[in-house]
Amino acid sequence: MHDCFLLCILVIGLETLTSKYGDTIEIPCNKGQLKETDVTLVKWKYEGGNILVKQMDQNATISPDVNYKNRVSIKKDFSLVITQVTMTDQRTFTCMVVEKDDILEYPVQVTIYKVPSQPQITNLTTAMAVGKPTMFQMIKEICILWYYISLYFRFLFLLITAIKINTNVDVDKETRLSTTTSTLEYTAVKEDIDAKFTCQVQHIKSANMDSSPLVFTVNYPTEKVDLQVVSQGPFKEGDNVTLKCTADGNPPPSSYSFYINGEKKTVDSNIYTLTNVTRENTGDYKCSLVDNEDIVASVPITVEYLDVVLSTTGKIVKKLGESLEVTVDVKASGAAQTSWKKGNAKLNSLSKFDKLTYSDSGMYECVVSMAGLKKTRTFELVVEGPPVIKNLIKERGEGMAKVLKCVAEGSPKPTVQWSVNGTSAESAYEHGKVTYSITIVPNGNLTVSCTASNVLGSDIKSIDVSALVEDVTMDKQDQKDEYSDQTPLAVGIVVGLMLAVVAIGLAYWLYMKKSRQGSWKTGEKEDGSVEESKKLEESQNQKADV
């Protein structure tokens, strides 16, 4: 009855102890409450063998059990110490105590756990094909106590499709450690590009552990191609234009078909360059897959051009007073702007020259621009004419000197020949006009001639020069007299007309007055009524007043 009661107590009150794989464990005997004075012998054992025996006042005797002879010891309170515990130490250890009056046993259940190491995904594939299942494996050694452990895959991606997970557990007979292999079968989709795959292990005795995230290459066929113009436009004749064809498949195609002016050209690249383009290259260009021409893309290319033809080019020589019309013929791929310059001066436009003058001579520049293109056309206009002396004058110089100035107009530039010697000078030749001057000191009265000439003709004028200082003043007065002699003539004509009008009016008035006086003296009356007579008289009075 006592044994049954004791056995029941041992079963109900079974003490448990947990230790980590590889650690040292200390198993207490009766929870360390034994009194050394009451104990005669302590024996530690397990089902199937003895471990050690400790008698009072004697050293402990360790059994030759290969599992424990080098790993066990006993403490003063009779606790059993086991170093470097393994999965084989996961069992029930019993402390048998022999006292003076009784024999007691204290069983302790020991549980060993092993924390899983960092999980890793093995048997890697480098790429996944869209629509085809791909397998991944995770192999990990963990302890056999599966009711404490959960192993699963966690996937970090946006869209989850068909997934299959298979788990297999193998237990090593010697170490009693289990190796769990979890296999993932996953069917990728196009959206899985850059998705991260992670395997996670959870254990009751450790924090969750994740494998390093892995990114796999996702292969999928091309569904669309795109054609781009790599070169920077706008394009003009003579430029090179580079086309680039890209596909959305992975891996991308290694070759493409380009359609140039309707002709198919297959190249082992996604680049095609049009060299030295002309306006005939304007049009739509295409590229497609080599094995599927239905997957195609196109892009328009415009080659800008600008043709400018000027009706007048080079050097144009025209006569003074002639007409000239200059036209510009522009052919362009777009709207063009035309501007004119004469020398450095801008012109609003270039209209027709109805009557050319010397000032029209010069270098003309026509600039036509459009969309990055610019064409310049020039011509030189030369207006020619024989010399004409516009003026010949004399001015007072220093002392007795006289300065004669001869203003000549003509083109080519006229040269001047004086009939006397002196110090000569000339002004700038501008708009077909030049002024030549000569300084002389006359000894007496003389006539000086200026002869202007060029290849087209000549002109001559003369002027009288006196040695007197007042000569220049008198000349100027003579010029004024020519105009003043005409002034009295005009005034006389106006005054004469006014006097004639007054005289006629006065004669008429006297005649009418004399006529009225004669009628009153004779007492004669004209026929008619009194009223008519009064009207006639009033009319005569009015005329007289006039």
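For clarity, every value in this text was computed on a predicted model and none was experimentally measured.

Enquirer: Where do I start with the confidence of the model for the chain in this structure?
Expert: Do not read the fine detail of predicted coordinates wherever pLDDT is low. Per-residue pLDDT for the chain has a mean of 80; in total, 80% of the residues score no lower than 70. For the stretch residues 140–161, pLDDT sits under 50, and the model shows 76 contacts to residues farther than four places along the chain or on other chains. Between residues 473–487, whose pLDDT stays under 50, and residues either more than four places distant or in other chains, the model counts three contacts.

Enquirer: I'm lost on the packing of aromatic side chains in this one. Help?
Expert: The description of an aromatic ring pair uses the distance of the two centres, along with the angle that the planes make with each other. Tallied over the full model, the rule gives six aromatic pairs. Their ring planes at 5° and their centres at 5.1 Å tell us that Tyr 364 and Phe 379 sit as a pair that is stacked. In this pair, Tyr 364 is assigned in strand β34 (residues 362–370) and Phe 379 in strand β35 (residues 373–396), connecting sequence segments 15 residues apart. By the ring-pair criterion, three or more aromatic residues cluster together here, those being Trp 340, Phe 353, Tyr 364 and Phe 379. The ring of Tyr 46 has Arg 91 lying over it, and the distance from NZ or CZ to the ring centre is 4.4 Å. Above the ring of Tyr 21, the side-chain terminus of Lys 114 is found at 6.0 Å from the ring centroid.

Enquirer: Can you walk me through the sheet that holds strand β1 (residues 15–20) in this structure?
Expert: Across a sheet, strands are paired by hydrogen bonds formed along the backbone, either parallel or antiparallel in direction. If you walk across this open sheet you meet the six strands as β1-β9-β8-β3-β4-β5, and the pairing is mixed. Strands at the two margins of the open sheet, each flanked by one partner only, are β1 and β5 (61–62). As defined by bridge partners, β1 adjoins strand β9 (residues 103–113) across six bridges and the pair is classed as parallel. When the bridges of β9 are listed, Thr 18 appears paired with Thr 111.

Enquirer: Can you help me understand the pattern of salt bridges in this one?
Expert: Oppositely charged side chains may form a pair once their charged atoms are brought near each other. Using the criterion set out here, one finds twelve salt bridges in the structure. Its salt-bridge partner being Glu 26, residue Lys 75 comes within 3.1 Å of it at the nearest N-O pair. In this pair, Lys 75 is assigned in the loop between β6 (72–74) and β7 (80–82) and Glu 26 in strand β2 (residues 25–27), connecting sequence segments 49 residues apart. When its relative accessible area of 38% is taken as the criterion, Lys 75 is described as partly exposed. A salt bridge links Glu 384 to Lys 319; the nearest nitrogen and oxygen atoms lie 4.0 Å apart. Residue Glu 384 is located in strand β35, and its partner Lys 319 is located in strand β30 (residues 314–319); the two are separated by 65 residues in the primary sequence. Here Lys 319 falls in the partly exposed class, since its relative accessible area comes to 39%. One network of salt bridges, in which partners are shared, links Glu 237, Arg 279 and Asp 307.

Enquirer: Got a minute to help me understand the sheet that holds strand β37 (residues 415–418) in this structure?
Expert: Spatial strand order, β37-β40-β41: three strands in an open sheet with antiparallel pairing. Of all the strands in the sheet, just β37 and β41 (457–465) have a single pairing partner and so form its edges. Going from strand to strand, the sheet's axes swing by 20° on average, the running direction of each strand aside. Of the strand pairs in this sheet, β37 and strand β40 (residues 446–454) are connected by four bridges, and their pairing is antiparallel. Directly across from Val 416, in β40, lies its bridge partner Ala 452.

Enquirer: So what exactly am I meant to see when it comes to the state of the cysteines here?
Expert: A covalent bond between the sulfur atoms of two cysteines is referred to as a disulfide. The full count for this structure, using the stated rule, is three disulfides. At a sulfur-sulfur separation of 1.9 Å, the disulfide partner of Cys 29 is Cys 95. Across the S-S bond linking Cys 29 and Cys 95, the dihedral sits near -80°, which makes this disulfide left-handed. With Cys 29 in the loop between β2 and β3 (39–46) and Cys 95 in strand β8 (residues 92–99), this residue pair connects regions lying 66 residues apart in the sequence. The same class applies to Cys 29 and to Cys 95, which are both buried. Across the disulfide from Cys 406 sits Cys 450; the S-S distance is 2.1 Å. Residues Cys 406 and Cys 450 are joined by a disulfide whose S-S torsion is about -85°; by sign, that bridge is left-handed. On the criterion of sequence distance, the pair formed by Cys 406 in strand β36 (residues 402–411) and Cys 450 in strand β40 is long-range, its members being 44 residues apart. In terms of burial, Cys 406 and Cys 450 fall into one category: buried. When the bonded cysteines of the chain are counted from the start of the sequence, the pairing works out to 1-2, 3-4, 5-6.

Enquirer: Explanation requested: a nonpolar patch on the surface in the structure shown.
Expert: A contiguous nonpolar patch, built from Leu 506, Trp 509 and Leu 510 and spanning about 280 Å² of accessible area, is present on the exposed surface. Structurally, the position occupied by Trp 509 is in helix α3 (residues 486–522). On the accessibility criterion, Trp 509 (30% relative accessible area) is partly exposed.

Enquirer: Hey, could you run me through the environment of Tyr 259 in this one?
Expert: Take Tyr 259: it is sitting in strand β23 (residues 256–260). Residue classification places Tyr 259 among the buried positions, given a relative accessible area of 17%. Separated by 25 residues in the primary sequence, Tyr 259 and Asp 284 have C-alpha atoms spaced 9.1 Å apart. Those residues in contact with Tyr 259 that sit more than four places away from it in its chain are Lys 264, Tyr 285, Lys 286, Cys 287, Ser 288 and Glu 293.

Conventions we followed
Residues numbered from 1 in each chain as written. Predicted model: local features only at pLDDT ≥ 70, side-chain atom pairs only at ≥ 80, totals over all residues. Heavy atoms only, no water. pLDDT = per-residue confidence, 0-100. Contact = heavy atoms within 4.5 Å. Phe/Tyr/Trp six-rings, centres within 6.5 Å; stacked < 30°, edge-to-face > 60°. Helix = DSSP H or I, 4+ residues; strand = E, 2+ residues; numbered from the N terminus. Lys NZ or Arg CZ within 6 Å of the ring centre and 35° of its normal. Pairing = 2+ DSSP bridges. Salt bridge = Lys/Arg side-chain N within 4 Å of Asp/Glu carboxyl O. Buried < 20%, exposed > 50% of the residue type's maximum accessible area, 1.4 Å probe, protein only. Axes fitted to C-alpha atoms, helices over the stretch in contact; angles between N-to-C directions. Disulfide = S-S within 2.5 Å. Patch = residues over 30% accessible without salt bridge, like charges linked within 9 Å, V, L, I, M, F, W, Y side chains within 5 Å. Areas by Shrake-Rupley, 256 points an atom, 1.4 Å probe, with all protein chains shown as cover.

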